Amino acid sequence: MGYASLAACLDDLASTQQLFRVDVPVDPHLEMAEIQRRVYRVGGPALLFANPKDCRFPMVSNLFGTLPRARYIFRDALESVRRLVELKVDPTQALRRPWRYAAAPFWALNTLPKRVRRGAVFAHQIEVSDLPALVSWPRDGGPFITLPQVYTEDPARPGLARSNLGMYRIQLAGNAYERDREVGLHYQLHRGIGVHHTAAVAQKTSLPVCVFVGGPPAMTVAAVMPLPEGLSELAFAGALNRRRVRMAPHNSIHVHADADFCIVGEVEPQARKPEGPFGDHLGYYSLTHDFPVLRVHKVFHRKGAIWPFTVVGRPPQEDTCFGELIHELTGPLIPTVLPGVRAVHAVDSAGVHPLLLAVGSERYTPYQEHAEPKELLTQANAILGQGQLSLAKYLFIVADHDQPPPLADVGAFLQHVLCRWDARRDLHFQTRTTIDTLDYSGHGLNQGSKLIVAAMGPPVRSLPSQLPDDLRLPEGFTKPHVCFPGVLAVEAPSEATAEGLTASRRRFCEAFSAESPINRFALVVLVDDSEFVSRNLHNFLWATFTRSNPAVDVDGIGAFTQDKHWGALGAVVIDARIKPQHAPPLIEDPNVSRRVDAFCAANGPLAALKL
């Protein structure tokens, strides 16, 4: 079936009671975002805010707030997309199972964008200041578009064939932006737009940019898909929506004819201004930094336009469902892109990029007993060389012949690793390299380190679930709590400087001998609040992997360096205390929370949602 517009999708959801309409005025400044977060947490419906305060356009959120709803939206296309992915993995299947793939040529027709002269999006022209001003967190630097589809074309060979569609946040106002003339464009490393921007800079020309908002939901999903270079997001959107994407020429670029809104502009070669802060998906603010400025030429919207938005923050949030849907659709491609790698999983609770889990294989030495990782290290480096996967800080990889648990069972997988790793040999660091732009655990913007843990073979230790009776901690280190088998959280003293943190961590490690009972644990985490970190797996993952820079913060009992390889004779120690350079965590405004409480009360307009 597919949808011709966002409105058609909302009508479909409403007909199946998957859309809740909010008719009372709600403020896009903080109120909507807090409502969205609460509705997401209870697995609630999509939300249509029919009367936003100080805004003429209705707004919708939580479209993809549950995986079943995301599957429902694309129910007519998921199977055909999966089969196209199967053919991408192994084209010979079309010969072996012709009936299964008989319709593939017809599905493939939808991948071809369709050029049209005009479209619904050109119906009206407005100013940037007329757009909904969504602010999600109290310290945000201004209103942002949180579901933008940013479209560019190759300056050397413009046109649809070499276009890029990505989701890069857009700041509509604030800071030093000229009202109605400029908006901020934040994009991170390894994003397709960077290739086009670099080409424009080399030519000393401006880069035309369109920002689409709304339209068929397939365009939103295509914009977040980590597709290989050369594979068109427009093609993927057409396949997922079972309709060719309609693109209309406008000056030197094309516009999505069926979008609800479109900002048309250009980025001058070296134009930058401060962008941010913005409450981001690691659970902290990304701070103010210079990023490209989009000089706005026109803003269009269709008749009856609806503004879709999402809210990001400490996971899980709605973008968690994006990740699950992406994994469903693209997971089978992993072995074709990374030979020997069976599966890769980005851990949502850890902020996605900080922690990857993977299953690899040892294929080349069947005549040898697999005593230690060999090819796993090759595969780990291949994973860290792939697009957005290269932003990971920690990668835990195991061998398929050890029959690891499913990657989605993060706790069980970590225990599989912890009972097998040999800290003398299995930890491999990459120093002074790139990490996520949003991650402030490193020594500068985009600067940090990585740690590969490659573990295989039979277990080498049992994992304790209780504190040893004879455990004694050095002065200043208190409140030990077992997070889960094999992992101990210890509350460590706060320090004002990086030097102080290093000194106290070293003091902790040097207080124990190789025979100390603390070494019954494979991993010890130094934290600010051990009760919080040990409360559940979600807290452990978030605090440990968002607050540590491997080359700086990973230490160990009986640590040594041999031939430039670091190892430890006893437990590995990760310093996951908050550091001086870290960004502040996301905290809701209590006054806004009280107003939303009133909305959710027994006689309030959101009472039916049972928030």
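Everything discussed here concerns the structure shown above.
Reading the values: the criteria
- Residues numbered from 1 in each chain as written.
- Predicted model: local features only at pLDDT ≥ 70, side-chain atom pairs only at ≥ 80, totals over all residues.
- Heavy atoms only, no water.
- Helix = DSSP H or I, 4+ residues; strand = E, 2+ residues; numbered from the N terminus.
- Rg over C-alpha atoms; globule rule 2.2 N^0.38 Å.
- Buried < 20%, exposed > 50% of the residue type's maximum accessible area, 1.4 Å probe, protein only.
- Contact = heavy atoms within 4.5 Å.
- Areas by Shrake-Rupley, 256 points an atom, 1.4 Å probe, with all protein chains shown as cover.
- Lys, Arg positive; Asp, Glu negative; His and termini not counted.
- Charge placed at Lys NZ, Arg CZ, Asp CG, Glu CD.
- Axes fitted to C-alpha atoms, helices over the stretch in contact; angles between N-to-C directions.
- Parallel < 35°, antiparallel > 145°, perpendicular 65-115°, else oblique.
- Left-handed = near helix turned anticlockwise from the far one by under 90°.
- Salt bridge = Lys/Arg side-chain N within 4 Å of Asp/Glu carboxyl O.
- Phe/Tyr/Trp six-rings, centres within 6.5 Å; stacked < 30°, edge-to-face > 60°.
- Pairing = 2+ DSSP bridges.
- Nonpolar A, V, L, I, M, F, W, Y, C, P; charged D, E, K, R; others polar.
- Core = buried A, V, L, I, M, F, W, Y, C linked by side-chain atoms within 4.5 Å.
- Polar contact = N/O pair within 3.5 Å; in protein donor to acceptor, adjacent residues only side chain to side chain.

**Student:** Give me the lowdown on the overall build of the protein, citing residues and values where you can.
**Tutor:** Along its length, the protein carries 18 helices and 30 strands. In terms of overall dimensions, the protein is globule-like: its C-alpha atoms have a radius of gyration of 25 Å, near the 25 Å expected for 611 residues. Residue burial in the protein is summarised as follows: out of 611 residues, 58% are buried. Pairs at least 24 apart in sequence give 72% of the contacts found in the protein among residues at least 6 apart. Summed over its atoms, the accessible surface of the protein is roughly 24800 Å², and 53% of this surface lies on carbon and sulfur atoms. Computed over 62 positive and 62 negative side-chain charges, the separation of the two mean positions in the protein equals 6 Å.

**Student:** I'd like a description of the packing of helix H8 (residues 217–224) against helix H9 (residues 233–241), backed by residues and values.
**Tutor:** The angle between the axes and the distance between the axes are what describe a pair of packed helices. Packing of H8 against H9 brings their axes to within 8 Å, and their N-to-C directions diverge by 140°. The pairing of H8 with H9 is recorded here as oblique in orientation. Here H8 runs over H9; the crossing is right-handed. Contacts between H8 and H9 involve Ala218, Met219, Val221 and Ala222 from the former and Glu233, Leu234, Phe236, Ala237, Leu240 and Asn241 from the latter.

**Student:** Please set out the pattern of salt bridges residue by residue, giving values where relevant.
**Tutor:** Evaluation of the coordinates by the stated rule reveals 31 salt bridges. Ionic pairing is found between aspartate 258 and arginine 246, a salt bridge with its closest N-O pair at 3.0 Å. Here the residue aspartate 258 occupies a position in the loop between strand S13 (253–256) and strand S14 (261–275), and arginine 246 occupies one in strand S12 (residues 246–250), the gap between them amounting to 12 residues. With a shortest N-O distance of 3.0 Å, aspartate 439 and lysine 393 are connected by a salt bridge. With aspartate 439 in the loop between strand S22 (427–434) and strand S23 (447–455) and lysine 393 in the loop between helix H12 (375–383) and strand S21 (394–399), the pair connects residues that are 46 residues apart, well separated along the chain. Of the two residues, aspartate 439 and lysine 393, neither departs from the other in class, the shared state being buried.

**Student:** Describe the packing of aromatic side chains, and please don't skip the residues or the numbers.
**Tutor:** Inspection of the entire model under this criterion finds 19 aromatic pairs. With 4.8 Å between their ring centres and 45° between their planes, phenylalanine 64 and phenylalanine 322 make a pair best called tilted. A residue pair is termed long-range when its members are at least 10 positions apart, and phenylalanine 64 in the loop between strand S3 (59–61) and helix H3 (67–73) and phenylalanine 322 in helix H10 (residues 318–330) qualify at 258 residues. Assigned by exposure class, phenylalanine 64 and phenylalanine 322 land together as buried. Geometrically, the ring pair formed by phenylalanine 396 and tryptophan 421 is edge-to-face, given 6.5 Å between the ring centres and 90° between the ring planes. A residue pair is termed long-range when its members are at least 10 positions apart, and phenylalanine 396 in strand S21 and tryptophan 421 in the loop between helix H13 (410–418) and S22 qualify at 25 residues.

**Student:** Tell me about the environment of leucine 357, and please be specific about residues and values.
**Tutor:** With respect to the helices and strands, leucine 357 occurs in strand S20 (residues 355–360). As for leucine 357 and phenylalanine 413, which are separated by 56 residues in sequence, their C-alpha atoms are 8.3 Å apart. The contacts of leucine 357, once residues within four sequence positions are left out, are Ala343, Val344, His345, Val347, Phe396, Leu407, Val410, Phe413 and Leu414.

**Student:** Could you give me a rundown of the sheet that holds strand S4 (residues 114–115), with the residues and numbers involved?
**Tutor:** Through backbone hydrogen bonds, the strands of a sheet pair up, either in parallel or in antiparallel fashion. Pairing is mixed in the open sheet, where 3 strands are placed in the order S4-S12-S13. Either end of the sheet is taken by a strand with one partner, and the two such strands are S4 and S13. Inspection of the sheet shows S12 paired to S13 by 4 bridges, in the antiparallel sense. Bridging from a neighbouring strand, histidine 250 pairs with isoleucine 253 of S13.

**Student:** Can you lay out the packing of H8 against H10 for me, pointing to particular residues and giving the numbers?
**Tutor:** Contact pair H8 / H10: the axes reach a minimum separation of 11 Å and the direction vectors enclose 80°. The pairing of H8 with H10 is recorded here as roughly perpendicular in orientation. Contact with H8, carried on its side by Thr220, Val221 and Val224, involves Phe322, Leu325 and Ile326 of H10 and no other residues of that element. Among the residues making up the contact of H8 with H10, the classes are represented as 5 nonpolar, 1 polar and no charged.

**Student:** Tell me about the nonpolar core, and please be specific about residues and values.
**Tutor:** By size, the foremost hydrophobic cluster in this structure holds 56 residues, and its most contacted members are Leu10, Phe74, Tyr151, Phe212, Val221 and Phe236. A per-element tally of this core places H8 first, with 6 residues. One finds Val26, Leu131, Leu134 and Val209 within the second-largest nonpolar core, a separate group that totals 51 residues.

**Student:** Summarise the side chain of serine 61; cite the residues concerned and give the values.
**Tutor:** Looking at the element boundaries, serine 61 is found in strand S3. According to the relative accessible area criterion, serine 61 is buried, its value standing at 1%. Among the polar contacts listed, one links the side chain of serine 61 to the side chain of glutamine 36, at a separation of 2.9 Å. Apart from the residues within four sequence positions on either side, serine 61 is in contact with Gln36, Ala46, Leu47, Phe49 and Phe309.

**Student:** Talk me through the sheet that holds S3; I want residue IDs and the actual numbers.
**Tutor:** The sheet built from 4 strands is open, its strands ordered S1-S2-S3-S18 with mixed pairing. The open sheet is flanked by strand S1 (19–22) and strand S18 (307–309), the only strands paired with a single partner. If you compare each strand with its neighbour and ignore which way they point, the axes differ by 25° on average. Across 3 bridges, the pairing between strand S2 (residues 46–49) and S3 is antiparallel. Looking across to S3, one finds that phenylalanine 49 is bridged to methionine 59. Together, S1, S2, S3 and S18 form the strand contacts of helix H1 (residues 6–15), whose direction differs from that of S1 by roughly 105°.

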